[in-house]
Amino acid sequence: MGIIERIAEVHDDLTNWRRDIHAHPELGFEEHRTSDLIAQKLAEFGCEVFRGIGRTGIVGRLRAGASPRSIGLRADMDALPIQEATNLPHRSRHDGQMHACGHDGHTTMLLGAARYLAETRNFDGMVHLIFQPAEEGLGGGEAMVKDGLFERFPCDAVFGMHNRPGLAVGKFQIRTGPMMAGGAYFDIAVTGRGAHGARPEAGIDPVIVASHITTALQTVVSRNVRPLDTAVLSVTQIHAGDAYNVIPEQAFIRGTARAFVSETLSLIEQNMRRIASGVASGFGAAAQLDFRIIFPPLVNDATEAEFIADTAAGLVGEDNINRNGNLVMASEDFSFMLNRRPGAYIQIGNGDVEGGCEVHNPGYDFNDAALPLGASLFARLAERKLSLG
Ligand SMILES: [Zn+2]
Ligand SMILES: [Zn+2]
């Protein structure tokens, strides 16, 4: 019996687990019930369980044979602060929280792979099942890496997967090299000198300075970034002042920058710093830039991208694999793991039904039909990477 058929026999179990997790969503670093459930299932299957890696993160370990080879398979566990707008029987029981990105499905697919691998042990080496917290902008991937994930649980390669609405169930999509943008948030504090609104000659107006800085920042992408490199720099907030008749002492500019290579993000930061302080000093004011990379760009290793695409093709056929998927301007914090280990990240079809919901939409639901496919792909990656002689 093939792996998909074998895993499909437990499709009902997978669906029940997924719907249970969906009904009880938890936000980043608060995945207590979810991680209890995962730890209990991993232990039931016969995995060694390690908890508290990156706060609520979990690693399950499975060994077979004596080979020192190892692989990491990663899923995310957290939900979003969104009020669910479905009437599904398994809709969120937690007000204002929802699995609107399908991490309930990703977690279930990795649990399905864990159960299969524990039962069959058709590999030689070590499988690390990585359940990461707080993917949605709170740095869960980075927290696990900083907590010694790869020192404690060596992985020759690491693989992740995300559902994609609009792509039919049974199809996969990937690209080699940069696939998802890196993102930074920035704050610029402009300091002038406060004065009476009727006596501007007595002050240095930070509102004017912030306006000039905001305008000048528009030249970073258009004049400093190479036209063939993709980048965006958006000022999304400007705050200053509390009164009609007071020139404030300070003004604050905030926003986000995105790019597909880390060098472009550094180049944006350097040019922002030059413009902010140069423009401010031209007016006799000062500007301080705080530029924080929230997600590095997600970059797929060429060899491992081919490996995961070949593995998926072995399950669903080459016709169902798009190896030249689109660049995605959104970010993904699996990139923290891919910065440390070779690996790849693939998109799995969540269905292309008319009116189907995008992720982060209050009407979204993970498509249970994809569960055996994702679980099979995770399991086959382990069997192929750690193949028996
Ligand atoms: Zn998301
Ligand atoms: Zn997601």
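One can find the structure itself at the top, above this paragraph.
Along each chain, numbering runs from 1 in the same order as the chain's sequence is written. To label them, take the chains in the order written and letter them from A, then take the ligands in the order written and number them from 1. Selection of residues for local features in this predicted model requires a pLDDT of at least 70, selection of side-chain atom pairs for listing and counting requires 80 or more, and totals for whole chains, interfaces and linings are taken over all residues. In computing side-chain properties, one takes all heavy atoms of the structure into account and sets aside hydrogens as well as water.

### Some remarks on the coordination of the zinc ion (ligand 1)
Move 1: Around the zinc ion (ligand 1), the protein contributes the donor atoms Cys101 (SG), Glu136 (OE), Glu136 (OE) and His360 (NE2), which lie 2.0 to 2.7 Å from the metal centre.
Move 2: Its four donor atoms give the zinc ion (ligand 1) angles of 53 to 152° at the centre, a pattern that matches the irregular case.
Move 3: The donor set comprises N, O and S atoms within 2.8 Å of the metal, extended to 3.2 Å for Na, K and Ca; water molecules are omitted, so apparent gaps in a site may simply reflect that omission. The sequence pattern formed by the donor residues of the zinc ion (ligand 1) is C-x34-E-x223-H.
Move 4: A separation of 3.1 Å is found between the zinc ion (ligand 1) and the zinc ion (ligand 2), which are bridged by Cys101. Any site counts as irregular unless it has four donors with all angles between 85 and 135 degrees, making it tetrahedral, or four or six donors with opposite ones more than 155 degrees apart and the rest between 65 and 115, making it square planar or octahedral.

### Here's the deal with the sheet that holds strand S6 (residues 172-173)
Move 1: A pair of strands is considered paired only if DSSP assigns at least 2 bridges between the two. Secondary structure counts use DSSP, requiring at least four H or I residues in a row for a helix and at least two E residues in a row for a strand, with both numbered from the N terminus. If you trace the eight strands from one edge of the open sheet to the other, you get S1-S2-S4-S3-S5-S16-S6-S15, paired in mixed fashion. Of all the strands in the sheet, just strand S1 (48-51) and strand S15 (321-322) have a single pairing partner and so form its edges.
Move 2: Bridge count between strand S3 (residues 70-76) and strand S4 (residues 125-132): seven bridges; the pairing is parallel. Note that in S4 the partner of Arg74 across the bridge is Ile130.
Move 3: Set on the sheet, helix H3 (residues 32-45) makes contact with S1, strand S2 (58-64) and S4; between it and S1 the angle comes to about 160°.
Move 4: Contacts were defined at the residue level, with two residues in contact if any of their heavy atoms lie within 4.5 Å. Orientation is described by lines fitted to C-alpha atoms, with helices fitted over the stretch in contact, and by angles between N-to-C directions that extend from 0 to 180 degrees. The strands touched by helix H9 (residues 302-316) are strand S5 (157-164), S6, S15 and strand S16 (343-349); relative to S16, the strand with the most contacts, the crossing angle is about 35°.

### Brief notes about the coordination of the zinc ion (ligand 2)
Move 1: Summarising the metal site, the zinc ion (ligand 2) is bound by the protein donors Cys101 (SG), His103 (NE2) and His162 (NE2), whose distances to it range over 2.1 to 2.3 Å.
Move 2: Spacing between the donor residues of the zinc ion (ligand 2) along their common chain follows C-x1-H-x58-H.

### Re the packing of helix H2 (residues 11-23) against H3
Move 1: Direction vectors running N to C along H2 and H3 enclose 160°, while the axes themselves pass 10 Å from each other. Taken together, the axes of H2 and H3 lie roughly antiparallel to each other. For the pair H2 and H3, the sense of crossing is right-handed. Listed contacts from H3 to Trp17, Asp20 and Ile21 of H2 are Arg33, Thr34, Leu37, Lys41 and Phe45. Note that the term roughly parallel is reserved for angles under 35 degrees, roughly antiparallel for angles over 145, roughly perpendicular for angles of 65 to 115, and oblique for everything else. Throughout, a crossing is termed right-handed when the near helix is turned clockwise from the far one, and left-handed when it is turned anticlockwise from it by less than a right angle.

### Overview of the packing of aromatic side chains
Move 1: Here a Phe, Tyr or Trp ring, Trp counted by its six-membered ring, pairs with any other such ring whose centre lies within 6.5 Å, and the pair is stacked when the planes are under 30 degrees apart, edge-to-face when over 60, and tilted otherwise. All told, the structure shown has four aromatic pairs when counted by the stated rule.
Move 2: The ring centre of Phe29 lies 4.0 Å from the NZ or CZ of Arg55, which sits over that ring.
Move 3: Charge-over-ring placement is defined geometrically: NZ (Lys) or CZ (Arg) within 6 Å of the ring centre, and within 35 degrees of the ring normal. Taking NZ or CZ as reference, Lys385 lies 4.2 Å from the ring centre of Phe307, over its face.

### Comments concerning the pattern of salt bridges
Move 1: Here a salt bridge means any side-chain nitrogen of Lys or Arg lying within 4 Å of a carboxyl oxygen belonging to Asp or Glu. Counting across every chain of the model gives 25 salt bridges.
Move 2: For Arg61, the salt bridge goes to Glu48, with nearest N and O atoms at 3.2 Å. Taken together, the residues Arg61 in strand S2 and Glu48 in strand S1 connect sequence positions 13 residues apart.
Move 3: Note on Glu48: relative accessible area 34%, which makes it partly exposed.
Move 4: What you see here is one network of salt bridges that share partners, running through Arg18, Arg19, Asp104, Asp365 and Asp368. Three exposure classes are used, based on accessible area relative to the maximum for each residue type with a 1.4 Å probe and protein chains only: buried under 20%, partly exposed in between, and exposed over 50%.

### Some words on unusual backbone geometry
Excluding glycine, a negative phi dihedral is what most residues carry, and trans is how most peptide bonds are arranged.
Move 1: A positive phi angle, near 65°, is found at Phe29, a position not held by glycine.
Move 2: The phi angle at Ala134 is positive, at roughly 50°, despite the residue not being glycine.
Move 3: Mapped onto the fold, Ala134 is located in the loop between S4 and helix H5 (140-146).
Move 4: According to the relative accessible area criterion, Ala134 is buried, its value standing at 0%.

### Overview of the environment of Pro133
Move 1: If you trace the backbone, Pro133 turns up in the loop between S4 and H5.
Move 2: Taking C-alpha positions, Pro133 is 30 Å from Ser67, a pair spaced 66 residues apart along the chain.

### Some points on the nonpolar core
If you look at soluble globular proteins, the nonpolar side chains tend to sit buried side by side.
Move 1: To form a nonpolar core, buried Ala, Val, Leu, Ile, Met, Phe, Trp, Tyr and Cys residues must be joined to one another through side-chain atoms within 4.5 Å. Membership of the largest hydrophobic core comes to 83 residues, with the highest contact counts inside it found for Leu42, Leu73, Val127, Leu129, Phe131 and Phe172.
Move 2: For Leu42, the residues in contact, after removing those within four places along its chain, are Cys47, Val49, Ile58, Gly60, Leu111, Ala114, Leu129 and Phe131.
Move 3: Counting 28 residues, the second largest nonpolar core, distinct from the first, contains Ile213, Ile253, Ile275 and Ala280.

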